[in-house]
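Each chain is listed here by its residues.
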Amino acid sequence: MIFTVREKENDPCIRIIITDKKKEKKDKKEKKEKKEKKEKKESSIHNFLDTWKKKHNDKIYFNFLIDSHELTSPNIQDCYIAIKFIRKMKKEKCQYLTHSIIVINNYTVRNLIFYIFKIQKPVAPVFIVKNTTEADELRGNIDSAGIESPLVKCFCEIHESYYISNKVDPDNYIIDTTLEAIDNIDDSIESLKHLTLTEEK
């Protein structure tokens, strides 16, 4: 995955664009040169995480608007790196990330995000919307009324946006039913495995 970080001066919103890794055609000469150099390139997810860490270390409050509408094939290794980073950041006493808005219009990517946050709760509240127009509108509502305002909750319900809380006992709006469905699927798989083992005995 390619993470492009865009920051504006005096703007607390950091825009992140995630796209698929570009497939470039290379001739034999280029391939040979690459082997000779033997350079191990660092995943671009580190650009995103380094930006996050820097803002945190500088004690600057900020938020993310992450656009992944062009992403079709998520990198599982990058997801694992993100989970480890979030787990580490959760241990910090003070959090400077206030919230994140993620644009997702791909079923696979959305379900992967749900699983990531089922494994590791986010550092700050996360909103999942379908397009950039909704993302900008939601951002305006949060800026004017606050994250936990009735306006933001109403927006999420009208636009069928998902809200993922970072709290232990959360109010997750629409996502509650989705996570419940995932739990039921998990339970069904475990029940099926148990039944199969019982029959084998």
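Check the entry above for the structure.
To start, this report covers the structure provided alongside it. Here the structure is a predicted model, which means the values were calculated and not measured.

### As for the overall build of the protein chain
Per the secondary structure count, the protein chain includes seven helices and six strands. If you list the helices and strands of the protein chain from N to C, you get β-β-α-α-β-α-β-α-β-α-α-β-α. When each of the 201 residues of the protein chain is scored for burial, the buried share is 38%. When contacts within the protein chain are restricted to residue pairs at least 6 apart in sequence, those whose partners lie at least 24 apart make up 73%. As displayed, the protein chain offers around 13400 Å² of accessible surface, 52% of which is attributable to carbon and sulfur atoms.

### Some remarks on empty space enclosed by the protein
As enumerated under the stated definition, the model contains one cavity of 30 Å³ or more in all. A volume near 420 Å³ is recorded for the largest cavity. Along the walls of the largest cavity sit 29 residues, with Phe48, Ile66, Ala82, Ile102 and Ile113 positioned nearest its centre. Among the elements that line the lining of the largest cavity, the one with the most residues is helix H4 (residues 107-119), at five residues. Residue classes in the lining of the largest cavity are distributed as 26 nonpolar, two polar and one charged.

### Focus: the sheet that holds strand E1 (residues 2-6)
The sheet built from six strands is open, its strands ordered E1-E2-E3-E4-E5-E6 with mixed pairing. Bordering the open sheet on either side are E1 and strand E6 (162-164), each of which pairs with just one other strand. The mean angle between the axes of side-by-side strands here comes to 20 degrees, regardless of whether they run parallel or antiparallel. In the sheet, E1 pairs with strand E2 (residues 13-19) via five bridges, with the strands oriented antiparallel. The residue bridging Val5 from the neighbouring strand is Ile16, located in E2. Contacting E2, strand E3 (62-67), strand E4 (97-103) and strand E5 (126-129), helix H5 (residues 132-145) runs over the sheet at an angle of about 160 degrees to E4.

### Notes on the pattern of salt bridges
Tallied over the entire structure, the rule returns six salt bridges. The salt bridge partner of Arg15 is Asp136, with a shortest N-O separation of 3.0 Å. Of the two residues, Arg15 sits in strand E2 while Asp136 sits in helix H5, which places them 121 residues apart along the sequence. Overall, the relative accessible area of 33% leaves Arg15 in the partly exposed class. A salt bridge links Lys54 to Asp58; the shortest N-O distance between them is 2.9 Å. Given the relative accessible area of 40%, Asp58 is considered partly exposed. Because the salt bridges share partners, they merge into one network encompassing Asp11, Arg139 and Asp143.

### Concerning the layout of surface pockets
When its volume is computed, the second largest pocket comes out at roughly 150 Å³. In this structure, the second largest pocket is lined by Ile104, Asn105, Asn106, Tyr107, Arg110, Ile128, Val129, Lys130, Glu160, Ser161 and Tyr162. Of all elements in the fold, only H4 and E5 reach the threshold of two or more residues within the lining of the second largest pocket. For the lining of the second largest pocket, the per-class residue count stands at five nonpolar, three polar and three charged.

### Re the packing of aromatic side chains
Taken as a whole and judged by the stated rule, the model has nine aromatic pairs. A ring pair is formed by Phe62 and Phe64, whose centres lie 5.3 Å apart and whose planes are at 80 degrees; its orientation type is edge-to-face. Judged by relative accessible area, Phe64 falls into the buried class, the value being 1%. Pairing Phe127 with Tyr163 gives two aromatic rings, centres 5.0 Å apart and planes at 55 degrees, and the pair type is tilted. Of this pair, Phe127 sits in strand E5 while Tyr163 sits in strand E6, placing them 36 residues apart in sequence.

Criteria and thresholds
Residues numbered from 1 in each chain as written. Predicted model: local features only at pLDDT ≥ 70, side-chain atom pairs only at ≥ 80, totals over all residues. Heavy atoms only, no water. Helix = DSSP H or I, 4+ residues; strand = E, 2+ residues; numbered from the N terminus. Buried < 20%, exposed > 50% of the residue type's maximum accessible area, 1.4 Å probe, protein only. Contact = heavy atoms within 4.5 Å. Areas by Shrake-Rupley, 256 points an atom, 1.4 Å probe, with all protein chains shown as cover. 1 Å grid on protein atoms, 1.4 Å probe; cavity = no way out; pocket = protein on both sides within 12 Å on 5 of 7 lines; lining within 4 Å. Points joined across faces, edges and corners; volume = space filled by probe spheres on them. Nonpolar A, V, L, I, M, F, W, Y, C, P; charged D, E, K, R; others polar. Pairing = 2+ DSSP bridges. Axes fitted to C-alpha atoms, helices over the stretch in contact; angles between N-to-C directions. Salt bridge = Lys/Arg side-chain N within 4 Å of Asp/Glu carboxyl O. Phe/Tyr/Trp six-rings, centres within 6.5 Å; stacked < 30°, edge-to-face > 60°.

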